[in-house]
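The primary structure of each chain is shown beneath.
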Amino acid sequence: EHPSIRPFVVLSQSPTTLRADTPYINRRTSIASSTPNNEREKGKHPSRGDEQAMGPVVTLVLAFMALSLFVKYAWEKVELFLRSNYKYLFLDSLASYVHYGEDVGVEASLALDYPTTDVLGRRLEGQRYLASKLGGTVDVGGGDGARRGAALASSLVDCRFALAKVCMPLLRELEFSPDVSGRNFVAGVRHAVPPPGRDDDDDDPDDASSSGMLHVVTEDGTARPYVGNDAVHTMGVSSFYAPIQEEVNRRTTGVGGMPRFCPIAMNAELERNVELVKRLTGMDKVRYSLSGSEAIDGAIKDVRSSCDDKPLVVRFKSAYHGHVSGVSFVDCPGHVFLPECSRSSIDFIERYHYRICAVVVNPMQHFTGVNRPSPPGEKVTHGSRIRTSVPREEYARWLHDLQEKCNYCTKYLTRVALVVDDIYFAFRTPELLSANYFAHPDTKAPLRPDVIVLGKALAAGYPLSAIAGREGFLNAYDRKFLLRLNKTVGTFAAWHGGIVASNVFLEALEGGGRSDGTSLLATPAKDQLACLVRKCDDFAVSVNGELAGAGLPVRLRNFSNTFSVDFLNESLYNSRYPQYLLAEGMFLGNYSTGKFNLNADVTKDDLRRLGAMFVSAASRMQRDGYFEPMRPAARRRFFLSLIARFAGNYARLYYDRIMSDKHIDIEVSHNHPVNKFGHFWSSVGMILFAYPLIFWHGEPMKGCAWFFLTHVIRQSGHFFYEHQDRDIEKLKFGHKDASKKEAVAFLLCAAIVYNYREDLFVFATKYVDPAFFQLSLDQYVSVIALFTVVPHFVEIVYQYGLLRGLSWAVKIVTDPFTDLLDFYTHVIIHPRWFLDFKDQRATYRLDIKTKKVVKVE
């Protein structure tokens, strides 16, 4: 015998005998077989004891497998949850509970950060200044802009048309009416004539093709500089879009333009566009969409089907990818959010490659700030906003590392697609695409993503977006999987007008543009973009120098023609800055200056005047005390006061909802005098006898008996007398005609069960532990009483949520007390009302206003 196993061997040949000094392993058998060697040598089957010996082995192995799978599954779920959008979901879940309540007034709104008396006085002076500029004092000379603006705003759902986001939600009392004439209702759009004394250098190539900044003419006849240019039209109107439009019009008229009425049709323009898009992106496949958000959603669906239907999409913290379902911050199931520019994120991709189908990156995060909200909005600006960008080379290196990891997973593990969301980035620099802009710092090689998504800039602003991908990443599944279907369609995807516009646009970028191959543009598009970038960079540097020199806590940041405003001070009122810009005569468009865009038409003179407005607005705002930092102690008081206010306001809303439910209940189904009489006296019985016996004296059986008796009185009024309108009854929250009948049937069953309890006990204990049925009579009655209401409570919770169920429960418990107040006028009624029985087969109709009930024959 081998010495290593000697301690575990049973020395006796008998399988049932163990030495006293032998370690015990199993009472039936030991690890070493007790079967004689000669029997095994003869090829005999193992004995029954050996088969039994394998039982613990199988159990242990299966238990280990189950435990391992559970641990792996649980750990993965926890890790993925921690990287999910749970923060956004949590905030979204609070939307129905955070209620500001009654307005506190302008002065109280200006004192939310507990300022000194001097600062508050300056702010009030600033409020009067803004009111004089934006508060409706504009002389429109008989125009009706305010009336037209009010009528139009009331018909529009999109809040951007009302400038509702100028201030954070907490400061809405400080906003001015969006219907004020001269501020948001635009009578016309034009390019302003340069004012006298314009000193632009006519020979400066930056201004060679610029025709002046876009201005709007508001209803008061004032031309205001427009900094709300959309994100699509980057080039100049005269230098770029006018000739583009002229060529688009030419191609989409006459016989050659007829296919524009057939959105999905093979034609020469579509063939040309596919060729141009593939050449621009270096991709193999193209899919079309209308908007950028739809294109992102379509790209993710395509990639998922092409990557074995793996469920997860990796995106990076705060990166914006659209508002449509499937990609918005809240409605994006299966998305995980990783920190950008982090090695741990790259490692995460390989660790969970078997779950991840796509890694989506928005290169504009380089501008908006890594892991910071994009685009920067005003809605949650309650302190400073200081954004820093990582160096271009560092961000490029990270993108290439990300690409390398996705390529590695695809080659050696499972397919993972790198998707670049270039909707906002593309066509804003001479490099055109982020793949070229973020070339590798060392090798100078461009980025090679698997999928690129392009927005409406691809078609010069026409409704056309595109998804371009490498072979195998766009809808590239095995067609023999019969239930894998194309999940993305669009009626106007590849709309012919957009295709033609895209062709003209892309050909112009390549130096052509006309059907004869000649160029449309006097100045090449890439040169125009280079001039625009230089001009915007110089503008930001110049304005920031003036702001710093004046000691103002505001800075501009830009990437090409896209700008963002940073605030250096921890002030609660930073988001008033757009109002001061409006007061300077600037037209901000349909959103605040958390982000704004210029186009190539802007001249140096325009920018100088625009810069003066930014500096002047900041100076006035600082003078009026709105940049004063909030002290730490004041910040704590501020947030605690908000929490208390929100809690109190929701408690008030909760109480009002309960009282509203009670009011509707009384208005709808408590109109007959006998019903009111019965409710009053049954409430008296509940309050004097049922509630004290149950909750005070601890006698549930007597209390439930009183409760049953009083409920019979209450419900008999409904059953025999109340002329109920069965339809209007459904207006009541917690309407439960059916559940009342179920409760009666349940009580009858409970009585039968109690009567035959001994026979039922003998039968049940054959299958169930008898201890389960050890209930006293008081306990049995309490259970039965609770089960007359608990099922309906559960149903309400399931349909409407826990708080709504609790409000119904509170209403039920407090009904006896409120019924005394509602029905005290019917303490005594005329006996003739007891003979006014309702017709059980009739249908009644109630006029909820007059309370008149009509019997329908």
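Going by what an unreviewed UniProt entry lists, the protein is known as Glutamate-1-semialdehyde 2,1-aminomutase and is assigned to Stephanodiscus triporus. According to UniProt, the comment filed for the protein under the heading Cofactor (unreviewed entry) is "pyridoxal 5'-phosphate".

Let's shift gears to the overall build of the protein. If you tally the helices and strands in the protein, you get 25 helices and 15 strands. Put simply, the protein has 857 residues, and 43% of those count as buried. Considering only intrachain contacts with a sequence separation of at least 6, the fraction spanning at least 24 residues in the protein is 75%.

On to the pairing of strand 2 (residues 214-218). For strand 2, the buried fraction is high: 5 of the 5 residues fall into the buried class. Pairing between strand 2 and strand 3 (residues 223-225): 3 bridges, direction antiparallel. Opposite His 215, over in strand 3, you have Pro 225 as the bridge partner.

This part takes up a nonpolar patch on the surface. Taken together, the side chains of Met 54, Val 57, Val 58, Val 61, Leu 62, Phe 64 and Met 65 define a hydrophobic patch exposed on the protein surface, amounting to about 670 Å² of accessible area. As for its placement among the helices and strands, Met 54 is situated in helix 2 (residues 48-82). By relative accessible area, which is 46% here, Met 54 ends up partly exposed.

For the rest of this paragraph, the subject is the pattern of salt bridges. Any two side chains of opposite charge can pair, given that their charged atoms come close. Under the criterion given, the structure shown has 36 salt bridges. With its nearest N and O atoms 2.8 Å apart, the salt bridge here joins Arg 397 to Asp 442. Of this pair, Arg 397 sits in helix 12 (residues 392-412) while Asp 442 sits in the loop between helix 13 (434-437) and strand 9 (451-454), and the two are 45 residues apart along the sequence. Since its relative accessible area comes to 33%, Arg 397 is described here as partly exposed. When salt bridges that share partners are traced, they join Glu 247, Arg 250, Arg 251, Arg 272, Glu 275, Arg 279, Glu 507 and Glu 510 into one network.

So, about the nonpolar core. Counting 54 residues, the largest nonpolar core has Tyr 577, Leu 610 and Phe 614 as its most contacted members. Tallying contributions element by element places helix 17 (residues 604-623) first for this core, with 8 residues. Leaving out residues up to four positions away in the same chain, Tyr 577 has contacts with Val 554, Val 565, Phe 567, Phe 614, Ala 617, Ala 618, Met 621 and Phe 627.

Here the protein shows a mean pLDDT of 82. Residues at 70 or above account for 82%. Low pLDDT (under 50) marks residues 1-36, which in the prediction has 28 contacts with non-local residues, meaning those over four places away or in another chain. Low pLDDT, under 50, characterises residues 137-142; the stretch is placed with 7 contacts to residues that sit more than four places away or in other chains.

Let us now look at the packing of aromatic side chains. Evaluated as defined, the whole model comprises 38 aromatic pairs. Summarising the aromatic geometry, the rings of Phe 719 and Phe 720 are spaced 4.9 Å apart at their centres and angled 90 degrees between planes, so their arrangement reads as edge-to-face. For Phe 720, a relative accessible area of 37% puts it in the partly exposed group. Connected via pairs of aromatic rings, a cluster forms that spans Phe 316, Tyr 395, Trp 398, Phe 425, Tyr 437, Phe 438 and Phe 559. One Lys or Arg, Arg 415, reaches over the ring of Phe 473 and ends 5.2 Å from the middle of that ring. The ring of Tyr 129 carries the charged tip of Arg 620 above its face, separated from the ring centre by 3.9 Å.

To continue, consider helix 14 (residues 496-509). Compared with the 20 Å implied by 1.5 Å per residue over 14 residues, the 20 Å span of helix 14 between its first and last C-alpha is a close match. For helix 14, the tally of buried residues reaches 14 of 14 residues, placing the bulk of the element in the interior. Positive phi appears at Gly 511, one or two residues downstream of helix 14, with a value of about 100 degrees.

Compared with the 21 Å implied by 1.5 Å per residue over 15 residues, the 21 Å span of helix 9 (residues 292-306) between its first and last C-alpha is a close match. Most of helix 9 sits out of view: 12 of its 15 residues are buried. Listed as buried for helix 9 are Gly 292, Ser 293, Ala 295, Ile 296, Asp 297, Gly 298, Ala 299, Ile 300, Asp 302, Val 303, Ser 305 and Ser 306. Where helix 9 begins, the side chain of Ser 291 points an oxygen toward the backbone nitrogen of Glu 294, at a separation of 3.3 Å. Just past helix 9, the residue Asp 308 takes up positive phi, approximately 60 degrees.

On to the sheet that holds strand 6 (residues 335-338). An order of 4-10-9-8-7-5-6 is seen for the 7 strands of this open sheet, with the pairing classed as mixed. Only two strands of the sheet have a single partner each, and these edge strands are strand 4 (285-289) and strand 6. Averaged over all pairs of adjacent strands, the angle between strand axes in this sheet comes to 20 degrees, irrespective of strand direction. Note: strand 9 against strand 10 (residues 465-469), 4 bridges, orientation antiparallel. Note that in strand 10 the partner of Val 453 across the bridge is Ile 467. Across the sheet, helix 12 touches strand 5 (312-316), strand 7 (356-361) and strand 8 (417-421), and the angle it forms with strand 7 is around 165 degrees.

A few words on the pairing of strand 7. Summarising burial for strand 7: 6 of the 6 residues are buried, a large majority. In this structure, strand 7 lies alongside strand 8, joined through 4 bridges in parallel fashion. Looking across to strand 8, one finds that Ala 358 is bridged to Ala 417.

Further remarks concern unusual backbone geometry. Unusually for a residue other than glycine, Leu 432 sits at a positive phi of about 70 degrees. Within the fold, Leu 432 resides in the loop between strand 8 and helix 13. For Leu 432, a relative accessible area of 7% translates into the label buried. At Lys 444, a residue that is not glycine, the phi angle is positive and equals roughly 65 degrees. Relative to the assigned elements, Lys 444 resides in the loop between helix 13 and strand 9.

One can describe the packing of helix 20 (residues 700-721) onto helix 23 (residues 777-786) by two numbers: an axis separation of 8 Å at closest approach and a directional angle of 35 degrees. Regarding helix 20 and helix 23, the two cross each other, and that crossing is left-handed. Taken together, the residues of helix 23 that come into contact with helix 20 (itself represented by Pro 700, Met 701 and Cys 704) are Leu 777, Asp 778, Val 781, Ser 782 and Ala 785. Of the residues that constitute the contact of helix 20 with helix 23, the class distribution is 6 nonpolar, 1 polar and 1 charged.

The interhelical angle for the contact between helix 19 (residues 673-696) and helix 25 (residues 802-823), taken along N-to-C directions, is 130 degrees, at an axis separation of 9 Å. Considering their axes alone, helix 19 and helix 25 lie oblique with respect to each other. Judged by the sense of rotation from one axis to the other, the crossing of helix 19 with helix 25 is left-handed. For the pair helix 19 and helix 25, contact is made by Lys 676, His 679, Phe 680, Ser 683, Val 684, Met 686, Ile 687 and Tyr 691 and by Ile 812, Val 813, Asp 815, Pro 816, Phe 817, Asp 819, Leu 820 and Phe 823, respectively. Within the contact of helix 19 with helix 25, the residues separate by chemical class into 11 nonpolar, 2 polar and 3 charged.

Turning our eyes to something else, we now look at the side chain of His 670. Position of His 670 among the secondary structure elements: in the loop between helix 18 (632-669) and helix 19. Of note is the side chain of His 670, whose polar atom sits 3.0 Å from the side chain of His 679. Not counting the four nearest positions on each side in its chain, His 670 is found in contact with Asp 665, Asn 675, Lys 676, His 679, His 718, Glu 722 and Phe 823.

Before going further, it helps to spend a moment on the environment of Arg 557. Residue position: Arg 557 is located in strand 11 (residues 554-559). Along the backbone, Arg 557 and Cys 536 are 21 residues apart, and their C-alpha atoms lie at a distance of 9.8 Å. For Arg 557, the residues in contact, after removing those within four places along its chain, are Phe 367, Thr 368, Arg 387, Thr 388, Ser 389, Thr 562, Phe 563, Ser 564 and Asp 566. Among the polar contacts made by the side chain of Arg 557, one reaches the main-chain carbonyl oxygen of Phe 367 at a distance of 2.3 Å.

About the cut-offs
- Residues numbered from 1 in each chain as written.
- Predicted model: local features only at pLDDT ≥ 70, side-chain atom pairs only at ≥ 80, totals over all residues.
- Heavy atoms only, no water.
- UniProt positions renumbered as here; feature names shortened; annotations may be inferred.
- Helix = DSSP H or I, 4+ residues; strand = E, 2+ residues; numbered from the N terminus.
- Buried < 20%, exposed > 50% of the residue type's maximum accessible area, 1.4 Å probe, protein only.
- Contact = heavy atoms within 4.5 Å.
- Pairing = 2+ DSSP bridges.
- Patch = residues over 30% accessible without salt bridge, like charges linked within 9 Å, V, L, I, M, F, W, Y side chains within 5 Å.
- Areas by Shrake-Rupley, 256 points an atom, 1.4 Å probe, with all protein chains shown as cover.
- Salt bridge = Lys/Arg side-chain N within 4 Å of Asp/Glu carboxyl O.
- Core = buried A, V, L, I, M, F, W, Y, C linked by side-chain atoms within 4.5 Å.
- pLDDT = per-residue confidence, 0-100.
- Phe/Tyr/Trp six-rings, centres within 6.5 Å; stacked < 30°, edge-to-face > 60°.
- Lys NZ or Arg CZ within 6 Å of the ring centre and 35° of its normal.
- Expected span 1.5 Å × (residues − 1).
- Polar contact = N/O pair within 3.5 Å; in protein donor to acceptor, adjacent residues only side chain to side chain.
- Axes fitted to C-alpha atoms, helices over the stretch in contact; angles between N-to-C directions.
- Left-handed = near helix turned anticlockwise from the far one by under 90°.
- Nonpolar A, V, L, I, M, F, W, Y, C, P; charged D, E, K, R; others polar.
- Parallel < 35°, antiparallel > 145°, perpendicular 65-115°, else oblique.

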